[in-house]
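# Working through the structure, step by step
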Amino acid sequence: MAIPGNAPQAATLTVAAKQPVAEGVVALTLTHPDGTRLPDWTPGSHIDLVLPTGTTRQYSLCGDRWDAHTYRIAVLREPEGRGGSAYIHDELRPGDRVGISAPRNHFPLAPSEKYLFIAGGIGITPLLPMIHQAELLGLDWQLLYGGRTRASMAFREQLTQSYGDRVHVVPQDESGLLDLDAWLGTPRPGTKVYCCGPAPLLAAVESACAAWPPYSLRVERFTAALQAPPVRDLPFEVELRRTGRTVTVTPEVSVLEAVRRAGADVLSSCEQGTCGTCLTPVLEGRPDHRDSVLADHERAANDCMFLCVSRSRDDRLVLDL
Ligand code: FES
């Protein structure tokens, strides 16, 4: 089943190579059929991948950002998934064409003296280009990389061979879970923590970093985070300032749906609050943020919201639409 959405394809690319990079993980190398240069991107970026079946999925770019002609992604087979990863593993072949969106980055690498990268399983993918960048800049960094088994941990050998003891590999079947108390128990001012992995790991890291200085931790989620019930269950109004229309958003519809009905042309992709496509500036009012992208300080600014999932705390919101 395709994820609903209307994000435009930026390009049709060719699957130049498909290689296993761990148990249950394949890497795809994508190039333009004409050899055309691909849009630039920064570490932490992801693209929508539109499969020949029409299914759309989001994947982090994990290759070399300075290679302007190649994108690389890695795909974990998800037995409980909705079929996208199974298609990529079982059907997609080198030479096939796939659509992509322009890269988007909601997990950017902020400047810091030191970094601690924490990966759980396939969560290593957005961290690879970050590590590459930190290394290029000569910064102090370490990677704590957990996975079920060594064999399931993509790019493990490449990382340990390239970076030696900066990389701490923790296969669960040999060493148990990551020792977050040891790594995060004492806040380290000047160190930023970047974490990507399954929800229980993110929750544990968030809890372990609770006493760290503000803005120390940044996480990226694969799936929508569990949210508290909406702040209000009453309808609210949304004014589209540039369009000059006001719509009423009832509890059964999303803001995205309501503003589209009013004629606003808003792009979307995941419609689950994870991809960032429907980000919209807020001019007045306080959104009830229900996405899995924004950090706490970004939520507190109340100057933007993800229309597919977020709602309103107030009777009225004004959007820059
Ligand atoms: Fe993906 Fe809204 S469409 S966050």
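The following refers to the structure shown. (Residues numbered from 1 in each chain as written. Predicted model: local features only at pLDDT ≥ 70, side-chain atom pairs only at ≥ 80, totals over all residues. Heavy atoms only, no water.)

Ranked by size, the top nonpolar core spans 27 residues in total, and within it F117, W141, L143 and L159 carry the most contacts. Elements with a minimum of two residues in this core: β7 (114-120), α2 (124-136), β8 (140-147), α3 (156-163) and β10 (191-197). If one sorts the elements of this core by residue count, α2 sits on top with 6 residues. Ignoring any residue separated from it by four or fewer positions in sequence, one finds W141 in contact with Y115, F117, I131, A134, E135, Y163, R166 and V167. Within the second largest apolar cluster, 25 residues are counted, among which are V255, V266, F306 and L317. (Core = buried A, V, L, I, M, F, W, Y, C linked by side-chain atoms within 4.5 Å. Buried < 20%, exposed > 50% of the residue type's maximum accessible area, 1.4 Å probe, protein only. Helix = DSSP H or I, 4+ residues; strand = E, 2+ residues; numbered from the N terminus. Contact = heavy atoms within 4.5 Å.)

The next subject is the sheet that holds strand β14 (residues 279-284). Strand order in the open sheet formed by 5 strands is β13-β12-β18-β14-β16, and the pairing between neighbours is mixed. Sheet topology places β13 (245-249) and β16 (304-306) at the edges, where each strand pairs with a single neighbour. This sheet shows a mean twist of 40° between the axes of neighbouring strands, independent of strand direction. The sheet contact formed by β14 and strand β18 (residues 316-319) spans 2 bridges and is antiparallel. Across the sheet, residue V282 finds its bridge partner in β18, namely L319. (Pairing = 2+ DSSP bridges. Axes fitted to C-alpha atoms, helices over the stretch in contact; angles between N-to-C directions.)

Bringing the packing of aromatic side chains into the picture now. To describe a pair of aromatic rings, you give the distance between the ring centres and the angle between the ring planes. Applying the stated criterion across every chain yields a total of 6 aromatic pairs. For the pair Y115 and Y194, a centre-to-centre distance of 6.1 Å together with 65° between the ring planes defines the contact as edge-to-face. Of this pair, Y115 sits in strand β7 while Y194 sits in strand β10; the two residues are 79 residues apart in sequence, bridging distant segments of the chain. Per residue, the accessibility class of Y115 equals that of Y194, and both read buried. (Phe/Tyr/Trp six-rings, centres within 6.5 Å; stacked < 30°, edge-to-face > 60°.)

As a further point, take the pattern of salt bridges. Throughout the structure, instances matching the rule amount to 18 salt bridges. The shortest N-O distance in the salt bridge between R221 and E206 comes to 2.9 Å. You can see R221 sitting in strand β11 (residues 217-221) and its partner E206 sitting in helix α6 (residues 199-208), a full 15 residues away along the chain. The salt bridge partner of E298 is R218, with a shortest N-O separation of 3.1 Å. Taken together, the residues E298 in helix α8 (residues 296-301) and R218 in strand β11 connect sequence positions 80 residues apart. Looking at E298, the relative accessible area reads 24%, which means it is partly exposed. Assessed through its relative accessible area of 13%, R218 is described here as buried. (Salt bridge = Lys/Arg side-chain N within 4 Å of Asp/Glu carboxyl O.)

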